[in-house]
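Overview (structure and organization)
Listed below, chain by chain, are the residues.
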Amino acid sequence: MTGPEPAIRTVLGDIPGDELGICDAHDHLFLRSPLLAGQELDDPEDAARRLRAFRDLGGGTVVQWTPHGMGRRAEDLVALSRATGVRLVAATGLHQARHYAAGTLDGLPEDLAGLFTTELTESIAGTGIRAGLIKVAGDFHGLDAHARRTLSAAARAHHRTGAPVAVHLEQGTAALEVLDLLCGEEGMAPGRVVLGHLGRFPDHVTHREAARAGAYLAFDGPSRAHHATDWRLPGELAELAGAGFADRLLLGGDTTVPGTPGMPFLLGGLRARLELTLGAGLVERILTANPARAFATVWTDPD
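Let us look at the structure shown here. Just so we're clear, the structure is a prediction, and the values are computed from it rather than from any experiment. Positions within a chain are numbered from 1, following the residues in the order the chain's sequence is written. At least 70 in pLDDT is required for a residue's local features to be given in this predicted model, at least 80 for side-chain atom pairs to be given and counted, and no such filter applies to totals for whole chains, interfaces and linings, which use all residues. Hydrogens are left out, water is left out, and the side-chain values use all remaining heavy atoms of the structure.

Grid points spaced at 1 Å over the protein atoms alone were grouped into cavities, where a 1.4 Å probe fits but cannot get out, and pockets, open sets with protein on both sides within 12 Å along at least five of seven lines, with lining residues defined by an atom within 4 Å of a point. Grid points are joined across faces, edges and corners, and a volume is the space filled by probe spheres set on the points. Tallied over the entire structure, the rule returns three cavities of 30 Å³ or more. Looking at the largest cavity, its volume works out to about 80 Å³. Forming the boundary of the largest cavity are Gly199, Arg200, Phe219, Asp220, Gly221, Pro222, Thr229, Asp230, Leu233, Glu236, Gly252 and Leu270. The way it works is that DSSP assigns letters per residue, a run of H or I at least four long becomes a helix, a run of E at least two long becomes a strand, and they are numbered from the N terminus. Counting only elements with at least two residues in the lining of the largest cavity, the list comes to strand S10 (216–220) and helix H7 (233–245).

Written out as structure tokens, the structure reads:
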């Protein structure tokens, strides 16, 4: 007798990985932070425009990394998915403490793992929508107390539910420290961890070590003026693929402010550029088969 099959938890329900299609593995439709005052992503019509542009370029799914308390607008995600035909995956979790207004974190329950678990298996804030991943964050070249608390809570929620854990690496740093905590101390399988922003810190040794451990490596946020990402990206991906880690690679648009090229650029500009170096077949795998594995989960309900 076979057990349950892995599924990706979208806002419209669970789907098998082979229905994901071309996937933006890290993006944001809505986002609010004190660090980005006046640059909020808070417009459902703009979100719909971006999703339609992504769909018209062949996009099928967007995995959102906006966590708890940062303006997720979870109540709008079902309508957006239905209206545009793009599958959406929502996130639970917490970002770095500095992304929250003073006092906000004080109002959270002590049991963060319980909060994350509820949003994964029951509902986000009474909306009836369930999250499909846990998003947390490291700090710059290390892990502060807040990061250690939220990462550990994410690991506990993972063990209760099976959910993947996606990690913002500040400027791409502290990847191995994150894996030491999640996989060494907390016992997660590395293949359930997605490390974000690796292109911002082009340490090829760290990239190889993280891939060799079995984690997924997300190269996201292309074409930002303050990050030397685009011109390095083809070579970074080619090196990792040549070393045998093509199945560990993910791509995302990471729209964080209104001027970010984001998800349409991922398919309308970046894909063609990557195909010149990697070939169309490998780029297709990175956009389809890899996220289908990275975000698929054999979901369990906590006791």
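On we go from here.
One finds Val167, Leu182 and Leu195 to be the most contacted residues of the largest nonpolar core, which totals 77 residues. Contacts: residue pairs with any heavy atoms within 4.5 Å of one another. When near neighbours in sequence (up to four residues on either side) are disregarded, Leu195 contacts Val167, Leu169, Ala175, Val178, Leu179, Ala210, Ala215, Tyr216, Leu217 and Ala218. Core analysis: the next-biggest nonpolar cluster, separate from the first, contains 19 residues, Ile8, Leu20, Val89 and Ala294 among them. For the purposes of this section, nonpolar cores are sets of buried Ala, Val, Leu, Ile, Met, Phe, Trp, Tyr and Cys residues that join through side-chain atoms within 4.5 Å. Note on exposure labels: buried denotes an accessible area under 20% of the residue type's maximum, exposed denotes more than 50%, and partly exposed covers the range between, all computed with a 1.4 Å probe on protein chains only.

Any Lys or Arg side-chain nitrogen located within 4 Å of an Asp or Glu carboxyl oxygen qualifies as a salt bridge. The full count for this structure, using the stated rule, is 16 salt bridges. A salt bridge links Asp14 to Arg130, with the shortest nitrogen-to-oxygen separation between them at 3.9 Å. On the criterion of sequence distance, the pair formed by Asp14 in strand S2 (residues 13–15) and Arg130 in the loop between helix H3 (112–121) and strand S7 (133–137) is long-range, its members being 116 residues apart. Several salt bridges share partner residues, and in doing so they unite Arg32, Glu40, Asp42, Arg73 and Asp76 into one network.

Moving on, we come to helix H5 (residues 175–185). Every buried residue of H5 is accounted for by Ala175, Val178, Leu179, Leu181, Leu182 and Cys183. Along H5, the residues classed as buried sweep out an arc of 165 degrees about the axis, all on the same side. Facing away from the buried surface of H5 by more than 90 degrees, the exposed residues are Asp180, Gly184 and Glu185. Here the buried face of H5 lies against helix H4 (145–161), strand S8 (165–168), strand S9 (193–196) and helix H6 (204–213). Looking at the residues trailing H5, positive phi occurs at Gly187, about 75 degrees. The arc in question is formed by the directions pointing from the helix axis toward the C-beta atoms.

Although it is not a glycine, Ala174 adopts a positive phi angle of roughly 70 degrees. Assignment of secondary structure puts Ala174 in the loop between S8 and H5. The backbone of Asp254 sits at a positive phi, close to 50 degrees, despite the residue not being glycine. Following the sequence through the fold, Asp254 ends up in the loop between strand S11 (249–252) and helix H8 (262–278). Taking the relative accessible area as the measure of exposure, Asp254 reaches 2% and is therefore buried.

Let us look at the pairing of strand S4 (residues 59–64). Along S4, six of the six residues are buried, which leaves the element largely enclosed by surrounding structure. Strands are labelled as partners when DSSP assigns at least two bridges between them. By the bridge criterion, four bridges tie strand S3 (residues 22–27) to S4 in an arrangement that is parallel. When the bridges of S4 are listed, Asp24 appears paired with Val62. Orienting the strands away from the viewer, one traces the path from the first strand over the helix to the second; a clockwise path indicates a right-handed crossover. The handedness of the S3 to S4 crossover, carried by helix H1 (residues 44–56), is right-handed. Of the pairings in the sheet, the one linking S4 to strand S5 (residues 87–89) comprises three bridges and is parallel in character. Note that in S5 the partner of Thr61 across the bridge is Arg87. Chirality of the crossover, the property in question, places the unit of S4, helix H2 (residues 74–84) and S5 among those that are right-handed.

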